[in-house]
Each structure stands twice: as C-alpha cells, then as structure tokens.
Amino acid sequence: MDISVSVKQLTKKYKLYEDKWGPIKEVVTKKKLHKEFLALHDVSIDFPKGEAIGVLGKNGSGKSTLLKIITGIADPSSGTVDVNGTLVFLDVSSGIDPELSGYENIFMKGVLLGYSREQMLEKVDEIIEFSELGEFISQPVKNYSSGMRAKLGFAISVNVDPDILIVDEALAVGDSMFREKCMNKMNEFKEQGKTIIFVSHDKNAVENFCSKAAWINQGELIAFGDSKQIGSIYNEFMSGRKKLDEIKSSLEFIHSIENVSPEAGESGLSIGLEGYLYSSAPDFKGSYELVVKDTRTGEAIAKPLALSSYKGDSSLPDEKKDTSGFRISIDEQDFSGFLKPGKYSFLVRYKEEHKEGEFPLWAGNLDLNITEDMKSRYINKIKVENNTLALLVENVDKVQEQVNKIWFEEGTLNLEGVCFVRGYEVGSPEDAGVTLHVVNLESFKEEMYPVELRETDEITENPSFNPQGKNYNFAGFRAGISLDHLRPGRYEYRMTYQMKNKPGHELLIPVWASKRQEYPSEPFLWKDREIDIQTSTKYLRMTVK
Amino acid sequence: MFDIYKEMWQRRKMVHALSLHEIKREYAGTVLGSIWGLVNPLMRIAVYWFVFQIGSRAGKPVDGAPYIAWLAIGMVSWFFMNDGFRLSSRAFRGKRHIIKNTPFPIAILPAVQIMYSFYTHIILLVVILAVMAFSIDPSWFWLQVVYYDFAGLMLLLGLGAVTAPLVAISKDFGRFLDTVLIFLFWMTPILWNVDNAGRFDKIVKLNPFHYVVQGYRDSILFKSGFWEHPVYTLYFWIVVLILFALGNYMYKRMKPIFLDIM
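Not measured: the values here are computed from a predicted model.

Attention now goes to the overall build of chain B. Counting its secondary structure elements, chain B contains 12 helices and zero strands. Listing the helices and strands of chain B from first to last along the sequence gives α-α-α-α-α-α-α-α-α-α-α-α. Seen along its three principal axes, the alpha-carbon backbone of chain B occupies a region of about 55 × 45 × 35 Å. Classification of the 262 residues of chain B by burial places 54% in the buried group. The long-range share in chain B, meaning contacts at least 24 apart out of those at least 6 apart in sequence, stands at 80%. Treating the 25 positive side-chain charges of chain B as one cloud and the 15 negative ones as another, the clouds have centres 7 Å apart.

Within chain A, the secondary structure is distributed over 10 helices and 31 strands. In terms of overall size, chain A is more extended than a compact globule, its C-alpha atoms giving a radius of gyration of 33 Å where 545 residues would be expected to give roughly 24 Å. For chain A, the share of sequence-separated contacts (at least 6 apart) that also reach a separation of at least 24 residues comes to 65%. Accessible area for chain A stands at about 27,000 Å²; split by element, carbon and sulfur atoms hold 46% of it. Computed over 68 positive and 85 negative side-chain charges, the separation of the two mean positions in chain A equals 5 Å.

What follows is about the nonpolar core. Met-75, Met-132, Leu-155, Phe-209 and Phe-258 of chain B are the most contacted members of the largest nonpolar core, which totals 89 residues. Among the elements that take part in this core, helix H8 (residues 145–169) of chain B stands out by supplying 15 residues, more than any other. Apart from the residues lying within four places of it in its own chain, the contact partners of Met-75 of chain B are Ile-45, Tyr-48, Phe-185, Ile-190 and Leu-191 of chain B. In this structure, Ile-96, Tyr-144, Val-167 and Ala-213 of chain A belong to the second largest nonpolar core, which totals 46 residues.

Contacts between the two partners involve 18 residues from chain B, matched on the other side by 23 residues from chain A. When chain B packs against chain A, the two sides together hide about 2,000 Å² of surface, and 62% of this comes from carbon and sulfur. When the buried area of chain B at its contact with chain A is split by residue, His-21, Asn-101 and Pro-103 of chain B rank highest and sum to 29% of it. Contributions of two or more residues to the side of chain B that touches chain A are made by helix H2 (12–27), helix H6 (96–99) and helix H12 (230–261) of chain B. A total of six residues in the side of chain B that touches chain A trace back to one element, the largest contributor, which is H2 of chain B. Here the side of chain B that touches chain A is built from residues that sort into 10 nonpolar, three polar and five charged.

All names here are of chain A. Taken together, the four strands give an open sheet; going across it, the order is S10-S11-S15-S14, and neighbouring strands pair in antiparallel fashion. Two strands close off the open sheet at either side, each with one partner strand: strand S10 (253–265) and strand S14 (307–308). Sheet topology places S10 next to strand S11 (residues 268–279); 12 bridges connect them, and they run antiparallel. Bridging from a neighbouring strand, Val-260 pairs with Leu-273 of S11.

For the rest of this paragraph, the subject is a positive patch on the surface. On the surface, Lys-13, Lys-15 and Lys-32 of chain A together with Arg-253 of chain B cluster together into a patch of positive charge. Topologically, Arg-253 of chain B is positioned in helix H12.

Residues and elements named next belong to chain A. According to the domain assignment, chain A consists of domain 1 (3–245), domain 2 (253–394) and domain 3 (399–544). One C-alpha centre belongs to domain 2, the other to domain 3; they are set 35 Å apart. The interface is formed by eight residues belonging to domain 2 together with eight residues belonging to domain 3. Roughly 740 Å² is buried in total at the junction of domain 2 and domain 3, and carbon and sulfur atoms are behind 52% of that figure. Where domain 2 packs against domain 3, one counts one salt bridge. The closest approach of N and O atoms between Arg-296 and Glu-492, which form a salt bridge, is 2.8 Å. Across the domain 2-domain 3 interface, the total number found is one residue pair in polar contact (both at pLDDT 80 or more). Its residues placed into classes, the side of domain 2 that touches domain 3 shows two nonpolar, two polar and four charged.

Turning to the side chain of Asn-395 of chain A, a few remarks are in order. Residue and element names in this part refer to chain A. The topology assignment puts Asn-395 in the loop between strand S20 (388–394) and strand S21 (399–409). Given the relative accessible area of 16%, Asn-395 is considered buried. Engagement of the side chain of Asn-395 in a polar contact is seen with the backbone oxygen of Leu-508, the distance being 2.7 Å. When neighbours within four sequence positions are excluded, Asn-395 is seen to be in contact with Pro-341, Tyr-378, Ile-379, Glu-506, Leu-507, Leu-508 and Ile-509.

This part covers the pairing of strand S23 (residues 432–440) of chain A. Residues and elements named next belong to chain A. Judged by how many residues are buried, S23 sits mostly within the fold: eight of nine residues are covered. In the sheet, S23 pairs with strand S27 (residues 489–499) via nine bridges, with the strands oriented antiparallel. By the bridge assignment for S27, Asn-440 is matched with Tyr-491. The pairing of S23 with strand S24 (residues 446–450) spans five bridges and is antiparallel. Residue pairing for S24: Thr-435 is matched across the bridge by Pro-450. Following S23, the chain reverses through five residues before pairing antiparallel with S24; Phe-444 in that reversal takes a positive phi of roughly 60°.

Turning our attention to the state of the cysteines. Following the criterion strictly, the structure yields zero disulfides over all chains and no others. There is no disulfide at Cys-182 of chain A, and the cysteine sulfur nearest it, in Cys-210 of chain A, is 15 Å away.

Residue and element names in this part refer to chain B. Nonpolar side chains collect at one region of the surface, where Val-31, Leu-32, Ile-35, Trp-36, Val-39, Met-43, Val-47, Phe-50, Val-51 and Ile-54 lie side by side and expose about 950 Å² of accessible area between them. With respect to the helices and strands, Ile-54 occurs in helix H3 (residues 36–55). The exposure class assigned to Ile-54 is partly exposed, which follows from its relative accessible area of 35%.

Averaged over all residues, the pLDDT of chain B equals 88, while 100% of them reach at least 70. Here H6 of chain B stands out as the element of chain B with the lowest mean pLDDT, 82, in contrast to H8 of chain B, whose mean of 93 is the highest.

With that settled, consider the environment of Arg-90 of chain B. All names here are of chain B. Along the chain, the position of Arg-90 falls in the loop between helix H4 (67–89) and helix H5 (91–94). Distance in space between the C-alpha atoms of Arg-90 and Pro-208 is 21 Å, their sequence separation being 118 residues. Ignoring sequence-local partners within four residues, the contact set of Arg-90 consists of Lys-95, Val-167, Gly-174 and Asp-178. A distance of 2.7 Å separates the side chain of Arg-90 from the side chain of Asp-178, its partner in a polar contact.

Rules used throughout
- Counting from 1, residues in each chain are numbered in the order their sequence is written.
- Written order decides the labels, with chains lettered from A and ligands numbered from 1.
- The predicted origin of the model limits local features to residues at a pLDDT of at least 70 and limits the giving and counting of side-chain atom pairs to 80 or more, whereas totals for whole chains, interfaces and linings rest on all residues.
- With hydrogens and water set aside, each side-chain value is computed from the structure's full complement of heavy atoms.
- Put simply, DSSP marks the helices as runs of H or I at least four residues long and the strands as runs of E at least two long, and each gets a number from the N terminus on.
- Working definition: with a 1.4 Å probe on protein chains only, accessible area under 20% of the residue-type maximum means buried, over 50% means exposed, and in between means partly exposed.
- For this analysis, residues touch if any pair of their heavy atoms sits within 4.5 Å.
- As used throughout, the charge tally considers Lys and Arg to be positive and Asp and Glu to be negative, leaving His and the chain termini uncounted.
- The atoms used to mark charge sites are NZ of Lys, CZ of Arg, CG of Asp and CD of Glu.
- Restricting the calculation to C-alpha atoms gives the radius of gyration, and the globule rule supplies 2.2 Å times the number of residues raised to the power 0.38.
- Method for areas: the Shrake-Rupley scheme with a 1.4 Å probe, in which residue coverage is limited to the protein chains shown.
- Nonpolar cores were defined as sets of buried Ala, Val, Leu, Ile, Met, Phe, Trp, Tyr and Cys residues, with membership established by side-chain atoms within 4.5 Å.
- Buried area is understood as the total, over both parts, of accessible area removed when two parts are fitted together, assessed with a 1.4 Å probe.
- Each residue is assigned to one class: nonpolar for Ala, Val, Leu, Ile, Met, Phe, Trp, Tyr, Cys and Pro, charged for Asp, Glu, Lys and Arg, and polar for all the others, Gly among them.
- When DSSP finds two or more bridges between two strands, those strands count as paired.
- The patches reported here contain residues having more than 30% relative accessible area and no salt bridge. Joining distances are 9 Å for like charges and 5 Å for nonpolar side chains (Val, Leu, Ile, Met, Phe, Trp, Tyr).
- By salt bridge we mean one thing: a side-chain nitrogen of Lys or Arg within 4 Å of a carboxyl oxygen of Asp or Glu.
- Domains are outlined according to an automatic or database domain assignment.
- Counted as a polar contact is a pair of N or O atoms within 3.5 Å, where, for protein atoms, one must be capable of donating a hydrogen and the other of accepting one, and residues adjacent in sequence contribute only when both atoms are in side chains.
- In this description, the term disulfide denotes a pair of cysteine sulfurs within 2.5 Å.
- A residue's pLDDT is simply how confident the predictor is in it, with values from 0 to 100.

Spelled out as structure tokens, the structure:
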C-alpha cells in the first residue's frame with residue numbers, strides 16, 4: 001500500500017495566556033503563566049494513495065489543525081509529517097485576494113502553488129469555464145457572493161492538477177448543481193489514483209464519498225478505518241447513544257461479517273456466517289462466543305466462536321490473518337423454541353479474566369443478495385440494519401386478538417377475549433387450537449395453559465371485521481391461570497394459534513390487551529403473593545412479588 | 001545560517017510574480033493606476049524643495065550641486081529605503097489571511113514586499129534621472145547606482161527578515177517601527193547636509209541608510225566611487241551580514257509562534 005501522507009505521533013500544543021502581558025511576564029519571571037491546550041495529541045495516520053479519506057470530528061475537535069499541519073500552514077509541537085507529492089488545500093477563501101479580479105486571482109493562486117505564468121495560461125480557460133463565473137471573472141473578487149468565491153476557489157484548486165487534494169468543508173457553499181460538479185470532479189480525481197483528504201463533520205458526506213475515514217475527538221484519534229464503520233460509531237457518539245469509553249472499548253475489536261448463507265429446511269432455519277474478528281490489543285487472551293439476541297426481550301443463545309485462518313481479501317494486517325477468520329453456523333434445531341416472531345441481532349461476547357462484554361458484529365460491508373424470504377415455521381428475513389445484521393422472524397399470517405376482560409377469582413386469573421385469523425373459518429371448537437404461554441422475562445421459562453374456544457357472534461356479526469360474511473363463531477376464548485404456581489418475577493403473555501384445517505399454520509403472538517378499564521387496576525393479593533397486571537404497553541404483562 | 005535567503009533566491013520567480021501582483025493590488029480600482037506611484041513622491045520632493053529652498057532659504061547648493069537635484073536624488077533613494085522597510089516589516093502580519101489558509105513558502109514574503117518597493121523605485125529613478133539629464137551631464141558614475149541599489153536591497157532584506165517576524169508576533173512592535181522610521185527620516189541626512197553635523201557626523205554615519213543615500217548622491221552628482229571610502233563600505237556590509245544572520249535566526253525561532261498566534 002502506497003502512502004501519500006503519513007503523520008506520526010503528531011502533537012500540537014497551544015499556549016493560552018490570561019493577560020496580554022503573559023508572554024513577557026513569563027520570560028521575565030520564568031514562571032509558567034500559560035495553560036496548555038492540546039489541539040492534537042499523539043495522532044498517527046497513514047493516508048493511503050489513491051483513496052478518498054474522510055476526517056470526521058465535531059467543531060473544535062482538532063481536525064482543521066491536523067490539516068494545517070499536513071499542509072504546512074502550522075508547525076507541529078512534536079511529531080513528523082511526510083507528504084509525497086504536490087498538495088492543494090481547498091478552503092473557501094484560501095489565497096483569494098478580494099482586491100484583485102477573479103482572473104488575476106487565478107494567476108495569483110497559481111503562483112502561490114508554484115506554477116509559472118505560462119503553465120497557468122494553459123489552464124486558465126478551463127478554470128474559468130469550470131467556475132461558471134462568465135464575465136464576472138474580470139470583476140474584483142470583493143464584489144462576488146460567497147458562493148461565487150467558493151466556485152472560483154474550487155475551480156482553481158482542482159484544475160491545477162495536484163497529487164493530493166485537501167478539502168475543508170468547502171462544499172457547504174455553492175448551489176447543488178455546482179456541488180455535484182465538484183463531486184464528479186473529485187470522483188474523477190479518485191479514478192486517476194489521486195488522494196483526497198476530505199474534512200467534514202457530516203458523516204453522510206464522508207460515508208458517501210470516502211472509502212476510509214478517521215475520527216478525531218478532542219485532539220485524539222479515536223479510530224481510523226472503513227468509512228462506514230467509522231461513520232456509524234461517530235454517529236452513535238454524536239447522537240449521544242454511546243459514551244466515548246464504550247466506543248473505545250468496542251473499538252478494541254476489529255470485526256466484520258463478510259458472507260451470510262441462510263438455509264431453511266425440514267429441521268428449521270440454519271444461518272452460516274463467515275468473516276473476521278480480532279482484538280487490536282496485543283495481549284488479548286480471552287475467548288469469544290457468538291450470541292443471537294431477541295432485541296425486544298433480550299433472550300439470547302450463545303455458541304462458542306472458534307477462530308481460524310482468514311482467507312478473504314480484506315486489508316487485514318498480515319500477522320492477524322492466521323488467527324482471525326471465523327465460520328460458524330447457527331441451527332434452529334440446536335435451540336428449539338428460541339426463534340419466535342421478532343427481531344434478532346448477532347453479537348460477539350468476549351470473556352477475559354477481568355472483563356467481558358458484547359458488541360454487535362459489523363456488517364456494513366456485507367453485500368446481501370438474498371431476496372427471497374426463507375420459510376420454516378415462520379417467515380424469516382435477513383437484513384442489514386445500521387450496519388449490523390438483523391434476522392426478522394414473522395408469522396405466516398396475522399392473528400387478530402383482544403383481551404376483553406381480566407378478573408381474579410380465588411386462586412385463578414381469568415382471561416376472556418377474542419382471537420381469530422382473517423379468512424380462516426372457525427365453525428366449531430375443533431377448527432383451531434389455542435395455547436397461552438406465560439413467559440418469565442428473566443429465565444425465559446414458560447408455562448403453557450390450554451385455552452377454551454367459546455362461541456361468540458362478536459366477530460361474525462361485525463361487518464368491519466367480517467365483510468365477506470365468513471364464519472368466526474368460535475372466535476371467543478377463555479383461559480384460567482392458577483396462581484398457586486407463580487413465582488416472583490416479571491412475566492409476558494404469548495399465545496399460539498394453531499389452525500387444525502388447511503392451511504394449517506401455527507402462529508405465535510404476544511397477547512394484546514388494550515381495554516384498560518376492563519382489567520383490574522389494583523394488584524391482587526393471593527396468599528403471600530402480590531400480582532400486578534400491566535398493560536401500559538398494550539401488551540399483557542404481569543409482575544409477581 | 002542563511003537558509004531563508006537561499007529559499008528566496010530559489011523561488012525568485014515566485015517572488016517576482018508576487019511582487020507584480022502587489023503592484024496590481026495596490027492600484028486595483030484606480031483609474032490612473034501606477035501613475036499614482038510617481039505622482040506622490042514627486043509631490044513630496046516638490047513640497048520639501050519649496051519649504052527648504054523658498055520657505056526657509058536653507059537650500060544652498062551642496063558641494064557645487066544644485067539643491068533641488070541633491071534633494072531629489074536623496075529622496076529617491078530614501079523612498080526606496082522607507083517603503084521597503086515599512087512594507088517588509090509587515091510582510092507576515094499584512095498577509096496573514098493568506099498565510100493562514102494557503103500552504104506556500106512564506107519565508108519569501110519580506111522579499112516580495114522589498115521587490116515591490118524596488119520596482120516602483122526603479123520607475124521613479126528613471127523619471128528623475130531623465131529629468132536630471134537636462135541639467136547635469138550624465139557620466140559613467142551613474143551606473144554605480146546599480147551597486148547602491150544592490151546594497152539597499154541587501155540592507156532591506158536583512159532588516160525585513162529581522163523585523164517581519166517580530167511585527168507578526170507583536171502589534172506594538174509594528175507601531176514602534178513606524179516611530180523609528182520617522183526618526184530615521186530626519187536623522188538621515190536627506191534634507192540636510194551631513195557636513196553640518198560637525199562632530200556628530202560619525203554617529204550619523206553609523207546609520208546604514210546613510211551609506212545608501214550618500215552613495216546615490218556620490219554616483220549621480222559627485223562622481224565618487226564606493227571604493228574611495230573602503231572602511232565605511234566594509235562597515236556597511238558587516239552590518240548587512242549581521243542582520244542576515246539575525247534575520248535567519250529570528251525567522252526560524254519565531255515562525256512556529258507567529259503561525260499560532262496570528
């Protein structure tokens with residue numbers, strides 16, 4: 001990999017004095033009277049040749065200081081900068097003299113960049129054309145609008161043909177047409193094997209345009225790597241979803257899913273994952289597990305993740321290639337009953353002697369070409385969401401369900417309501433089998449209770465539910481839950497609806513209960529237990545103390 | 001030890017091009033353009049001549065040369081010294097909007113300002129000499145002006161290199177230099193003859209500007225060569241050498257500081 005710009009252990013200190021006599025007093029009294037401000041602290045980045053590299057960071061994070069040091073406008077306090085090739089710094093106003101005309105400025109800037117008058121004469125027509133300034137080119141720049149100035153600045157910078165172009169938020173001005181033109185020009189640059197360093201606080205611009213990115217926060221390089229990966233962690237930080245410490249510790253691990261091969265067969269769903277994973281900490285001696293987690297309830301299964309040699313073409317460091325590949329298969333049959341309608345994420349859990357943690361596997365570079373849904377008992381979809389892999393499990397059909405009434409009676413909790421599937425006729429109680437599950441939300445153990453289907457004309461006679469005039473006479477249900485067995489904990493109610501006739505689907509849903517006034521509002525006391533029905537989320541939950 | 005001068009020399013084309021831009025910039029927006037570069041000094045020469053010759057009746061011929069010619073030649077060289085010194089000392093501070101966002105060899109900036117003053121000086125010099133040729137016979141000694149122009153350029157380069165970083169760091173120092181220049185204008189024998197200084201003439205002559213101003217008069221009016229006062233010439237060049245070394249040191253030392261604070 002050729003390096004176009006290399007900075008090593010760059011540190012930049014600014015001295016801040018409280019009064020203007022400070023520097024003089026300091027020399028005279030030899031006391032330290034200034035505060036030191038570290039604009040950059042020990043930053044080392046190699047900018048590879050022929051790529052667009054983004055530098056992300058909020059205002060005042062030190063990214064402009066870094067640019068100034070690379071371009072030679074500022075000197076570093078310590079560290080080295082190595083630049084291979086000619087370099088142009090594109091800033092909205094850089095090197096533009098407001099007194100001179102646009103035309104003269106072209107030459108002026110050309111001179112500053114080290115070109116002779118003759119060389120600039122060859123380029124001047126192209127520059128004027130690109131700048132779209134037309135006859136304004138002979139007007140003094142002080143009469144230009146800010147957009148026109150930016151156009152002139154950009155036109156000069158890109159047309160002098162530098163090896164390295166450094167762009168500092170310059171595209172914020174100018175109309176969208178011109179911005180697009182600039183983007184095209186910069187893409188052309190990339191194709192010619194030139195290096196572009198693109199500074200922005202906008203992650204979208206960096207993700208769209210750059211292949212790699214560096215994130216600088218308060219003068220420190222937090223991460224350097226794939227632009228999408230960096231963009232997503234930057235976004236997590238900027239939106240306040242994650243703290244810097246959390247991000248830093250998750251950055252210890254470099255990982256990516258590169259291939260997904262799902263399969264749905266007789267024995268259920270099976271998902272094969274391939275990719276790489278390693279710790280950038282030199283002395284990491286922990287073990288890894290692959291974790292599949294239900295994002296709603298937190299229920300999870302884990303499988304040990306063994307690492308072997310990696311054969312993909314990603315730019316991993318050579319010394320890591322032997323021990324960073326993984327290939328694992330998650331089979332539904334090994335974890336029966338775990339996959340239910342819901343959403344699942346794929347994480348890695350690491351365990352070391354003193355610490356352990358979890359992070360979602362990165363899937364931002366994954367090129368998913370799975371268009372068909374996989375059918376097992378449910379419909380399974382695999383997607384990339386927020387640069388991570390997600391498995392969506394959905395019922396084949398939709399159960400309409402409502403709890404009309406809940407009441408306590410001696411040692412029993414009674415539920416009464418309706419449930420049916422549109423289009424599936426239930427003329428007798430033998431047409432469907434319904435089961436109620438009470439699931440402990442910590443241990444995920446469940447108790448099942450049979451549900452009695454009862455005759456009701458509530459659905460059949462309701463034209464908004466039944467416009468086709470089908471027979472849903474046995475849409476009512478009633479169930480009783482014995483309170484004697486309940487142990488303290490939080491519980492969730494689910495329901496299985498099994499069609500006994502064709503098409504014979506089995507559907508699993510969380511129990512919906514939105515008729516609040518029909519449910520007990522006070523906790524019920526039974527023996528030494530206190531049972532509280534909760535429906536604030538519209539789903540039926542229960543706490544037992 | 002003389003790195004920055006080496007850089008100025010290596011980038012002489014850039015220095016030249018930028019100094020021409022300076023001229024354009026200076027007169028951008030005016031109708032008469034660089035004619036103003038002539039009108040202003042000529043007016044000032046006329047005013048001083050009127051005040052001293054007519055007003056105070058002090059302007060007697062100096063060593064046989066008419067006062068107006070003596071004054072004009074002295075003023076021409078002084079304008080060069082004055083402008084070059086004033087502009088080069090502000091070379092960094094005045095261009096900070098460019099320094100702050102354009103990467104280029106900023107060490108050449110004092111030289112740019114000096115060359116800009118030099119080019120305007122050449123125009124004025126040619127005009128004055130052309131006028132003078134009517135009243136004084138030109139001689140080969142007129143060519144010696146080239147030497148004194150060179151000496152003046154070198155002196156300015158040294159002074160510019162020393163003062164420009166200081167002015168960049170401290171605005172107060174810039175104000176101080178303005179005062180020094182007014183002082184120097186009156187203390188350099190431009191409007192008055194150094195012979196009148198009597199026993200102070202040694203002190204007056206320590207001022208290296210006097211070497212250049214007097215050299216101009218020697219060349220145009222008195223047909224006297226610089227080799228005729230070798231000690232003074234040696235003194236002058238030693239001063240220039242010291243300024244060069246000091247200037248190089250100043251730039252190296254101050255550059256990181258003024259880049260940060262400007």
